[in-house]
Amino acid sequence: MTADQADPVVTSPYGAVRGRYERGVAVFRGIPYAAPPFGPRRFRPPVPLKPWEGVRDAGAFGPTPPKPPYSDAFAHYLSDPVVPGDDCLNLNVWTPDPDPAARLPVLVWLHGGALTRGSSAVPVYDGHAFARDGVVCVSVNYRLGVEGYGLFPDTPPNPGLRDQIAALTWVHEAIEAFGGDPGRITLFGQSAGAISIGALLAAPQTQGLVRRAVLQSGPPEASERAKVRRMVRRMASRLKIPATAEAFAAVDRDLLLRTQAEVGRLSSPVVGGPAFGIVVDGDVVPRDPLDALVEGAAPGVDLLMGWTRDEYRLWLVPGGLLDRVDRLGAVALAGAMARCHCGSEVPRGYRALHPEAGAAEIVGQLVTDHLLRIPLHHLADARPERSYVYEFAWPSNLPGLGACHALELGFVFDTGDVPEARKLAGEGAPQELADEMHAAWVRFATDGDPGWERWDAHHPVRIFGDRAEDAQDGLAYTAHGPRDRELALWHADAARPPDPQLPREESPTEVRTVVRRLRRSGALRRY
């Protein structure tokens, strides 16, 4: 590339776009993949994009979907830029060679944020390093919160997931023009993005569109319809309107966001509570995605999946919740048992395996295993296709965070040098670790092998950010069954006859007791 090289122009099936060359990579931002979801289209499934004439400028990020801001406690660690405008169903492309003959592997990124926050404009998600290393990278915006995952009687469910299907369809139809190979598309996402990928893989509408998938800290799952409906009804009660899409569509966007944030302020992955989520709808989600994938949906799709060692610390450290859960002790453990549907032998076993752990760590690891590690183990065990499993273990340089939820993202994208990555990692994050993780994701997208043993009966797990005892592999090594002792406690608990004195379903009374105590102590903050 020369200093006077013209901006790249690509002609897709939907129209021509003009991007920019940045550090040797062609970047196209804010490309629409569906019509703006407002006016008569609000709360409705996405409407196909009409091709445009002329050349559309794609030099800046497009509008972000409506979303409430993070609380001050979480904004200290997480960035979430806002770009105003209605045309929020858009995506971005980074490519090393915008030539249809290039036929390069493609990575499609779905961001996290509990399906209520986040966007493709977060600087940590910059796709430059992937394009630098020979992969076309696409990042996607989709509707969030009540606009994307509210459950109403007068409109089809899951419009945010339907947005993602529309974006994936766009990628399959248009990415060749940007140098990508539509036969080598890998979805990758974290947290809610990974949960979304589980649903996408199982959706009838996406069969044949995806070759591989990466699930980071999020399992395939469907939310309980009653839990999502409670969110909508509570919002409707506060707004004094019917719980219908027609009524919600008439409400001012800012008021809707404030109400959503207020209603959801006490919910979190650790303590539970009403929340927005993907629901079984008989159409794009015909059944629970985990059950579908275990039983053979998405044949031929290889998986890379994993977690961070201390997922829970992102929710318990901001606002001082970790110390307060420790002080609650047995009450917090009772709430965790109710949330995780387990008997007392499970936390007792964790305590025996980790005698140095406080109540907050036991609660956090219990919930993480129940919601994340057990489903991913089950998925890897069941599928005949290749599966690879990892654990991110490097502790943040910021006090108390450990290897928390979302910390691995700056290493996967190799964007640890941006200020937004340092908000979570602190100063001095090891570039050696970014080199290891980023290269593994590139290898997986390229040929399906990230560089360690595929999952089998020995349960190989690649540990990133810790050193093996022989220290021959630097900041990454393969361990076999590192979580097997803890997960065996759950298998034993499932085989044990039910104790009538213990809750075997999530007990609202037990969970509410913990939430009330935390709320009185001032520990709960809006996420």
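Our structure's up above, just so we're on the same page.
None of these values were measured; they are calculated from a predicted model. Throughout, a residue's number is its position along its own chain's written sequence, starting from 1. Owing to the predicted nature of the model, reporting of local features is limited to residues with pLDDT of at least 70; listing and counting of side-chain atom pairs is limited to 80 or more, with chain, interface and lining totals taken over all residues. Water and hydrogen atoms play no part in the side-chain values, which are based on all heavy atoms of the structure.

Asker: So what's going on with the overall build of the protein? Residues and values would help.
Answerer: Across its full length, the protein holds 19 helices and 14 strands. Between the two quantities, the radius of gyration covers C-alpha atoms and the globule rule is 2.2 Å times the number of residues to the power 0.38. A compact globule built from 527 residues would reach a C-alpha radius of gyration of about 24 Å, and the protein, at 22 Å, matches this within 12%. Principal axes of the C-alpha set define a box for the protein whose edges measure 70 × 65 × 45 Å. In the protein, which comprises 527 residues, the share counted as buried stands at 58%. Contacts spanning at least 24 positions in sequence make up 78% of the contacts within the protein whose residues lie at least 6 apart. Surface exposure here means Shrake-Rupley accessible area, sampled with a 1.4 Å probe, where a residue is shielded only by the protein chains that are shown. Accessible area of the protein: about 20,100 Å², with a carbon and sulfur share of 51%. Both charge centroids of the protein, one from 57 positive and one from 65 negative side chains, sit 8 Å from each other. Numbering goes from the N terminus for both helices and strands, where a helix is a DSSP run of H or I of at least four residues and a strand is a run of E of at least two. The classification of residues rests on relative accessible area computed with a 1.4 Å probe and restricted to protein chains. Under 20% of the type maximum is buried, over 50% is exposed, and intermediate values are partly exposed. Should any heavy atoms of two residues lie within 4.5 Å, those residues are considered in contact. When charges are counted, Lys and Arg contribute as positive and Asp and Glu as negative, whereas His and the chain ends are disregarded. Every charge is mapped onto a representative atom, which is NZ of Lys, CZ of Arg, CG of Asp or CD of Glu.

Asker: Lay out the packing of helix H12 (residues 330-340) against helix H14 (residues 359-382) in plain terms, naming residues and giving numbers.
Answerer: Taken N-terminus to C-terminus, the directions of H12 and H14 make an angle of 5°; their axes are 10 Å apart at the nearest point. The angle between H12 and H14 places the two elements in the roughly parallel class. For the pair formed by H12 and H14, the contact residues are Ala332, Leu333, Ala336, Arg339 and Cys340 on the first element and Ala359, Ile362, Val363, Leu366, Val367, His370 and Leu371 on the second. Residues are sorted three ways: Asp, Glu, Lys and Arg are charged, Ala, Val, Leu, Ile, Met, Phe, Trp, Tyr, Cys and Pro are nonpolar, and all the rest, Gly among them, are polar. Residues belonging to the contact of H12 with H14 are distributed by class as follows: 10 nonpolar, one polar and one charged. Helix axes use the C-alpha atoms of the stretch in contact, all axes being lines fitted to C-alpha atoms, and the angles between their N-to-C directions lie in the range 0 to 180 degrees. Angle categories: roughly parallel below 35 degrees, roughly antiparallel above 145, roughly perpendicular from 65 to 115, and oblique for all the rest.

Asker: Tell me about the pattern of salt bridges, and name the residues and values.
Answerer: Two side chains carrying opposite charge are able to pair once their charged atoms lie near each other. We define a salt bridge as a side-chain nitrogen of Lys or Arg found within 4 Å of a carboxyl oxygen belonging to Asp or Glu. In total, this model carries 25 salt bridges according to the counting rule given. With its nearest N and O atoms 2.8 Å apart, the salt bridge here joins arginine 143 to aspartate 163. Of the two residues, arginine 143 is situated in the loop between strand E8 (136-140) and helix H3 (145-149) and aspartate 163 in helix H4 (residues 159-174); the sequence distance between them amounts to 20 residues. This pair shows no difference in class: arginine 143 is buried, exactly as aspartate 163 is. Put simply, glutamate 262 and arginine 265 hold a salt bridge, and the shortest N to O gap is 3.3 Å.

Asker: Mind laying out the environment of glutamate 427, listing which residues take part and the relevant values?
Answerer: Note that glutamate 427 resides in the loop between helix H16 (419-425) and helix H17 (431-447). Spatially, the C-alpha atom of glutamate 427 lies 9.2 Å from that of glycine 416, the residues being 11 residues apart in sequence. Residue contacts for glutamate 427: discarding those within four places in its chain leaves Asn397 and Arg422.

Asker: Quick rundown of the packing of aromatic side chains? Include the residues and the values.
Answerer: Side-chain rings of Phe, Tyr and Trp, where Trp is taken by its six-membered ring, are said to pair if the distance between their centres is within 6.5 Å; with planes under 30 degrees apart they count as stacked, over 60 as edge-to-face, and otherwise as tilted. What the rule picks out here adds up to 21 aromatic pairs. The interplanar angle of 80° and the centroid separation of 5.4 Å between the aromatic rings of phenylalanine 43 and phenylalanine 152 together place this pair among those described as edge-to-face. Of the two residues, phenylalanine 43 is situated in the loop between strand E4 (25-32) and strand E5 (55-57) and phenylalanine 152 in the loop between H3 and H4; the sequence distance between them amounts to 109 residues. As far as the burial class goes, phenylalanine 43 and phenylalanine 152 line up, both buried. Ring pairing ties together the aromatic residues Tyr388, Tyr390, Trp441, Phe444, Trp452 and Phe464, which thus form one cluster. We note arginine 56 situated over the ring of tryptophan 52; from NZ or CZ to the ring centre the distance is 5.4 Å. If you follow arginine 253 out to its NZ or CZ, it ends over the ring of phenylalanine 38, 3.7 Å from the centre. Comment: the charge-over-ring label is applied if NZ (Lys) or CZ (Arg) is within 6 Å of the ring centre and within 35 degrees of the ring normal.

Asker: Kindly report on the sheet that holds E5, identifying the contributing residues and their values.
Answerer: For two strands to be treated as a pair, DSSP must find at least two bridges joining them. If you trace the three strands from one edge of the open sheet to the other, you get E1-E2-E5, paired in mixed fashion. Either end of the sheet is taken by a strand with one partner, and the two such strands are strand E1 (9-12) and E5. Ignoring which end each strand starts from, the neighbouring axes of this sheet average 30° apart. Note: E1 against strand E2 (residues 15-18), four bridges, orientation antiparallel.

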